[in-house]
Amino acid sequence: MCRRDEAGLFFAPSKEPTAARLSREEAAKRVCGGCPVMVECREHALLQPEPYGVWGGLTAAERRVVLARRRRRDLELKKARTANHIAAAG
Ligand code: SF4
């Protein structure tokens, strides 16, 4: 599927117009939607992080949003743990 990427769906050519990019990304996402390793692929792309292309059904912009959300969540958890620790110490 994406390994060969004969249709050039997964990575943007240079100077791609917005409408063409959106259409290409949607087509790539449809391929990802039927892929048996989508979850693992997505996690790989988030952990690297992969800066370009559609991976695991997410565009680079969508991955940045997921990563920002995860960072916020981790920060909130850290704050809550610190507050609990202080409260327990009395
Ligand atoms: S989920 Fe990953 S491996 Fe599967 S088609 Fe999409 S980019 Fe390729």
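All of these numbers come straight from a predicted model, not from anything done at the bench.

Calculation rules
Residues numbered from 1 in each chain as written. Predicted model: local features only at pLDDT ≥ 70, side-chain atom pairs only at ≥ 80, totals over all residues. Heavy atoms only, no water. Helix = DSSP H or I, 4+ residues; strand = E, 2+ residues; numbered from the N terminus. Rg over C-alpha atoms; globule rule 2.2 N^0.38 Å. Buried < 20%, exposed > 50% of the residue type's maximum accessible area, 1.4 Å probe, protein only. Contact = heavy atoms within 4.5 Å. Near = heavy atom within 4 Å. Nonpolar A, V, L, I, M, F, W, Y, C, P; charged D, E, K, R; others polar. Core = buried A, V, L, I, M, F, W, Y, C linked by side-chain atoms within 4.5 Å. Phe/Tyr/Trp six-rings, centres within 6.5 Å; stacked < 30°, edge-to-face > 60°. UniProt positions renumbered as here; feature names shortened; annotations may be inferred. Expected span 1.5 Å × (residues − 1).

Draft legend 1. Main features of the overall build of the protein chain. Within the protein chain, the regular secondary structure consists of three helices and zero strands. Ordering the α and β elements of the protein chain from the N terminus gives α-α-α. Taking 12 Å as the expected radius of gyration for a compact globule of 90 residues, we find that the protein chain reaches 18 Å, considerably beyond that expectation. C-alpha atoms of the protein chain, sized along the principal axes, occupy 65 × 30 × 20 Å. The buried share among the 90 residues of the protein chain stands at 24%. Long-range contacts, defined here as pairs at least 24 residues apart, represent 30% of the contacts in the protein chain between residues at least 6 apart.

Draft legend 2. Structural view of the site of the ligand. The immediate surroundings of the ligand are formed by Cys 2, Phe 10, Cys 32, Cys 35, Val 37, Met 38, Cys 41, Val 54, Trp 55 and Gly 56. Along the lines of polarity and charge, the residues of the shell around the ligand split into nine nonpolar, one polar and no charged.

Draft legend 3. Structural context of the environment of Leu 47. With respect to the helices and strands, the residue Leu 47 is situated in helix H2 (residues 38-47). Overall, Leu 47 belongs to the exposed group, its relative accessible area being 64%.

Draft legend 4. A look at the nonpolar core. With six residues, the main nonpolar core is built from Leu 9, Phe 10, Ala 27, Ala 28, Cys 32 and Val 54. Those residues in contact with Phe 10 that lie beyond four places of it in its chain are Cys 2, Asp 5, Arg 24, Ala 28, Val 31, Cys 32, Gly 53 and Val 54.

Draft legend 5. Representation of the packing of aromatic side chains. Evaluation of the coordinates by the stated rule reveals one aromatic pair. Between Phe 11 and Trp 55 the ring centres are 6.5 Å apart and the planes differ by 85 degrees, which places this aromatic pair in the edge-to-face class. One end of the pair, Phe 11, is in the segment before helix H1 (18-33); the other, Trp 55, is in the loop between H2 and helix H3 (60-89), with 44 residues separating them in the sequence.

Draft legend 6. Molecular detail of the UniProt feature "binding site: [4Fe-4S] cluster" (unreviewed entry) in the protein chain. Under the UniProt annotation, "binding site: [4Fe-4S] cluster" (unreviewed entry) lies at Cys 2, Cys 32, Cys 35 and Cys 41. The named residues occupy 40 residues along the chain; their greatest pairwise C-alpha distance, 11.2 Å, places them in one compact cluster. Here Cys 2 shows up in the segment before H1. With respect to the element layout, Cys 41 can be found in helix H2.

Draft legend 7. Just H3, in detail. Here H3 is 30 residues long and its end C-alpha atoms lie 43 Å apart, about the 44 Å a rise of 1.5 Å per residue gives. For H3, the complete set of buried residues consists of Ala 60, Arg 63, Val 66 and Leu 67. Contact partners of the buried residues in H3: H2. One or two positions beyond H3, positive phi appears at Gly 90, with a value near 70 degrees.

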